[in-house]
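# Commentary on secondary and tertiary structure
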Amino acid sequence: MSAAVTAREAGFVACTRCTRVWPMGTERCGRCGKPLVSRDTHSLSRVWAWWVAGLMCYFPANLYPMLRTQVLFTVSEDTIVGGAIELALHGAPFVALIILVASVAIPIGKFAAIAWLAISVRRGSVATPHARHRLYEIVEYIGRWSMIDVFVVAILTALVQLNLAASIKPGPAALAFALSVIFTMLSAQSFDPRLIWDRADDDNDSGDRA
Amino acid sequence: MPRIDIARADLAELIACPQCDALYRAKMPAHGERAVCARCHTVLIAPRKRAGMIIIALSGASLVLVLGAVWFPFLKISRQGFVNEATLLDAALSFTGGPLLVLSLAVTALIVLVPLARAILTIYVLGPLVFDRPAPPGALRLFALAEALRPWSMAEIFALGCAVALVKVADLANLSFGPAFWMFAALVFLTVIHDRWMCRWSVWEALEHGYTARQRKVPA
């Protein structure tokens, strides 16, 4: 495999789904049917649109209660962070850590990472394209795991229905959180990673290549 | 490799990295080896011996496990004489009433419908290829759909969610795992192995040219 000439430099447009190459200007991939664009110029607008939607859902997801637990006659409501703190105090710090990482650290890290990637594509960055591409892969891989908290709520709601003894109901935050995860996944999927590498080429080209 | 060489090549012989757009002349590596993008290190081609058959077997197993997991309880709870068992359908449909119903549908889709659909689509698309039959009608579109569904198949996340739920209510009541939990745990492994064996480029090539045609191209 030789040094990189991009499909665009060679006058082709590549399908990002099945990797088939077509002459520039072809509208749809003749193999898998995906619409072809050499560089998705609307990519960043879609990234930001989903990003904002995700962030807007993330606030209510943290402010409203996720779970409504009723034990005998006392009812308690837990937000995500509140529930994790309670777990840590009840002697399950490891599980509390999983929840905090999956529901707080990962989503916030994702918002920051996607925003930084999108900005760096426009403005350039000191980080190497390798580092940024790696970050993009991590964001794409890890995003789905935030769904775990929604599943835990679903499981507990189905399971803990013991009449007066104990029962658990979902709070409004569950829906907001699920939407937030889905929107950020869509935001990451909208990003065209080829933009990272184009920009890197432009930076190098300015000096040595005509 | 000089540029002109690539520009004159037959388009069907070229492969472009989906992540960074680097262009290469596709060359089937030996079984068990991988062709990796020199620029961004994305795996481009990774053929393995009898991969088709193994992937179909894995998909069949996943299908059985998901269906089984729907009917058997995955967690059992008891407290002060009250006992309750939850199946997957109970969990998926637990958000009843009002806007939370949407969530119920979403959860059902993510943990049951999408994994099921992926298994069925994979068997439908790859089955005839493995047995040297022509690709079934709509195979290209359906394989594209199976690929699009990949990030939305969340059975393995649900399995970890079960474990977290177990600890979360440990002081509230006695909990124990049911058969469906172990099915989901097995499903996690199947999914990982499935992704290891799947070489997407080989499947696209096979769908376009037929399985045997691709086999003949191997020593290129």
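Predicted, not measured: the structure shown is a model, and the values here were computed from it. (Residues numbered from 1 in each chain as written. Chains lettered and ligands numbered in written order. Predicted model: local features only at pLDDT ≥ 70, side-chain atom pairs only at ≥ 80, totals over all residues.)

## Quick word on the overall build of chain B
Defined as follows: A run of DSSP states H or I qualifies as a helix once it reaches four residues; a run of E qualifies as a strand once it reaches two. Both are numbered from the N-terminal end. Burial is judged by counting the other C-beta atoms within 10 Å of a residue's own C-beta: 20 or more makes it buried, 12 or fewer makes it exposed, and any count in between marks it as partly exposed, with every C-beta position built from the backbone. Residues are defined as contacting one another if the C-beta atoms placed from their backbone atoms lie within 7 Å.
Scanning chain B from N- to C-terminus turns up 9 helices and 7 strands. A burial count over chain B gives 40% of its 220 residues as buried. Excluding contacts between residues fewer than 6 apart, the proportion of contacts in chain B whose partners are at least 24 apart in sequence is 59%.

## As for helix H5 (residues 139–149) of chain B
Residues and elements named next belong to chain B. Rules: Each direction from the helix axis to a C-beta atom contributes to the arc, which is the arc of those directions.
Where H5 is concerned, the buried positions are Ala139, Leu140, Phe143, Ala144 and Ala146. All buried residues of H5 lie within an arc of 160 degrees about the axis, which places them on one face of the element. Looking at the buried side of H5, the elements it contacts are helix H4 (100–130) and helix H8 (200–209).

## Describing the interface of chain B and chain A
Short version of the rule: Nonpolar residues are Ala, Val, Leu, Ile, Met, Phe, Trp, Tyr, Cys and Pro. Charged residues are Asp, Glu, Lys and Arg, and all others, Gly as well, are polar.
Facing 61 residues of chain B, the contacting portion of chain A comprises 57 residues. The residue inventory of the side of chain B that touches chain A, partitioned by class, reads 46 nonpolar, 5 polar and 10 charged.

## Here we look at the confidence of the model for chain B
Residue and element names in this part refer to chain B. Operational definition: Every residue gets a pLDDT, meaning the predictor's confidence in that residue, from 0 to 100.
Averaged over chain B, the pLDDT score is 81; the fraction of residues at 70 or greater is 89%. With pLDDT under 50 throughout, residues 216–220 is counted as low confidence; its partners more than four residues away or in other chains account for 4 contacts. Confidence estimates for the predicted assembly give a pTM of 0.85 and an ipTM of 0.82.

## Comments concerning the environment of proline 151 of chain B
On the secondary structure map, proline 151 of chain B appears in the loop between H5 and helix H6 (155–168). Taking the C-alpha atoms as reference, proline 151 of chain B lies 9.7 Å from valine 114 of chain B; in sequence the two are 37 residues apart. Setting aside anything within four residues of it in sequence, one finds proline 151 of chain B in contact with Arg144 and Met185 of chain A.

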